[in-house]
Amino acid sequence: MKALHFLPYLRVFEAVARIGSVRQAADELGLSPGAVSLQLRRLSETTGLTLLEKSGRNIRLTAAGRDFAQTVSHAIGNLAVAVENNAERQLENHQTKLTVALPPALAIAWMASLLVQFADARGVSDLAMRSCIRASDVQWDDVDLAVVYDNPPFNGLWWQVVSDVKLRTICSPLLFPRLEGSHRDRKLRDVTLLHEDDGREWTRWAAAARISLEGSRSVRVPSVAVAVASALQGQGMALVSDVLTRSYLQEGRLIQPFATAIPASAGYYLLCPTEKAEAPLIQALAHQIAAHLRGD
């Protein structure tokens, strides 16, 4: 089966073709850019195809590369479906109880619904949800999996990034007419700013957006969930992540009045005890969460 000697290099090629960057593909795969480039060269050598070509400082797929990438993508997709179907069949005879801890704002936004659908599809008869924000909030003697808003490392735990978090302004469309002057004057005078911290994130955002907060009103709320709910009700403008507000934005219930975004102080991570990391149910849920965030 000499013709199949290129198989070890397909994972690298698929990542580079999908992302369009050797360096970013290397970051995703946990390899060095040199290792990625070497595997790409060996793939071309073993197939006899010129799959990539330089375009300035970047690379791009050749016509043959585009055809090959499409075939590889379909093949990997079919394999993933086959593995997932087999995992689902195994799950039917295994774990029927699942306890997940997650931030309340994330649960309200979309994840509680996703968990219910996931449990129903996989025959989980006993689903429980717990509340947490940071990894230190999780009581692991009663939790299988957690989604936290925190920063690694998470000692003694398996973890996977769910989403980096960038903060953007959101408000009800009903409030927007009052903000039109803010765009012109670069001031948020008489605008209520909703926040759960001490106001530092609004200060960082204002500096990045070059907008003055002079004359604005500050309302500190107990949680991000309350900030989003208040914004939905037209009570003010909040500074939160698209991870929490995507469905509201798509429905038109919220808008983003300013384009400026700032990185949050933490990100969303999926955690579980190391000994549970390879469990089919855990991996299936991690895959479904990632698929949801990609919009699949």
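Above this text you will find the structure in question.
In this report, we go over the structure that sits alongside the text. (Residues numbered from 1 in each chain as written. Predicted model: local features only at pLDDT ≥ 70, side-chain atom pairs only at ≥ 80, totals over all residues. Heavy atoms only, no water.)

## Here we look at the pairing of strand β9 (residues 217-220)
- Summarising the sheet, strand β8 (residues 192-195) and β9 pair through four bridges and their orientation is parallel. Note that in β9 the partner of H195 across the bridge is R220.
- This β-α-β element, β8 to helix α7 (residues 200-209) to β9, shows right-handed connectivity. (Pairing = 2+ DSSP bridges. Helix = DSSP H or I, 4+ residues; strand = E, 2+ residues; numbered from the N terminus. Right-handed = clockwise from strand over helix to strand, strands pointing away.)

## Notes on α7
- Of all the positions in α7, only E201, W202, W205, A206 and A209 are classed as buried. Taken end-on, α7 shows its buried residues confined to a sector of 135°, consistent with a single buried face. Exposed side of α7, more than 90 degrees from the buried face: R200 and A207 are the residues found there.
- In this structure, the buried side of α7 is in contact with β5 (145-150), β7 (166-170), β8, β10 (237-241) and β11 (261-263).
- Of the residues one or two after α7, R210 is the one with positive phi, at around 55°. (Buried < 20%, exposed > 50% of the residue type's maximum accessible area, 1.4 Å probe, protein only. Arc of directions from axis to C-beta. Contact = heavy atoms within 4.5 Å.)

## A closer look at the side chain of T245
- You can see T245 is positioned in helix α9 (residues 242-251).
- Once residues within four sequence positions are removed from consideration, T245 is found in contact with I170, V228, V240 and L254.

## Description of the sheet that holds β10
- If you walk across this open sheet you meet the five strands as β9-β8-β10-β7-β11, and the pairing is mixed. The sheet is open, and its two borders are formed by β9 and β11, each paired with just one other strand. Between one strand axis and the next, the sheet turns through 30° on average, direction left out of account.
- When β7 meets β11, the two strands line up antiparallel, connected through three bridges. Its bridge partner lying in β11, K166 is registered against P263.
- Along the sheet, helix α8 (residues 224-232) makes contact with β7, β8 and β10, crossing β10 at roughly 130°. (Axes fitted to C-alpha atoms, helices over the stretch in contact; angles between N-to-C directions.)

## A closer look at the pattern of salt bridges
- Taken as a whole and assessed by the stated rule, the structure comprises nine salt bridges.
- Salt-bridge contacts for R253 lead to E251; the nearest nitrogen and oxygen are separated by 3.8 Å.
- Here the salt bridges do not stand alone but share partners, grouping E14, R18 and E28 into one network. (Salt bridge = Lys/Arg side-chain N within 4 Å of Asp/Glu carboxyl O.)

## Remarks on the side chain of D144
- By secondary structure assignment, the location of D144 is in the loop between β4 (126-131) and β5.
- For D144, a relative accessible area of 13% translates into the label buried.
- Polar side-chain contacts of D144 include one of 2.8 Å to the backbone nitrogen of T99.
- Within polar-contact distance, the side chain of D144 engages the side chain of K276 at 2.7 Å. (Polar contact = N/O pair within 3.5 Å; in protein donor to acceptor, adjacent residues only side chain to side chain.)

## As for the sheet that holds strand β12 (residues 267-273)
- Within the open sheet, the five strands sit side by side as β4-β3-β5-β12-β6. Their pairing is mixed. Both outer strands of the open sheet, β4 and β6 (157-163), are each paired with one neighbouring strand and no more. Pairs of neighbouring strands in the sheet enclose a mean axial angle of 20°, with direction left out of account.
- Direction of pairing for β6 relative to β12: antiparallel, over a ladder of six bridges. The residue of β12 that forms the bridge with Q160 is L270.

## Some thoughts on unusual backbone geometry
- At the junction of P152 and P153, the peptide bond is cis and its omega measures out at 10° in the coordinates.
- Positionally, P153 belongs in the loop between β5 and β6.
- In this model, D190 sits at a positive phi of 65°, which is unusual for a non-glycine residue.
- You can see D190 is positioned in the loop between α6 (176-185) and β8.
- Backbone geometry at R210 places phi at a positive 55°, although glycine is not the residue there.
- As for its placement among the helices and strands, R210 is situated in the loop between α7 and β9.

## Examining the packing of aromatic side chains
- One pass over the full model with this rule turns up seven aromatic pairs.
- Seen in terms of ring centroids, W202 and W205 are 5.5 Å apart; in terms of plane orientation they differ by 85°. Their pairing is edge-to-face. With W202 and W205 both in helix α7, this residue pair falls three residues apart, about one helical turn.
- On the basis of relative accessible area, W202 is assigned to the buried category, the value being 3%.
- When its relative accessible area of 0% is taken as the criterion, W205 is described as buried. (Phe/Tyr/Trp six-rings, centres within 6.5 Å; stacked < 30°, edge-to-face > 60°.)

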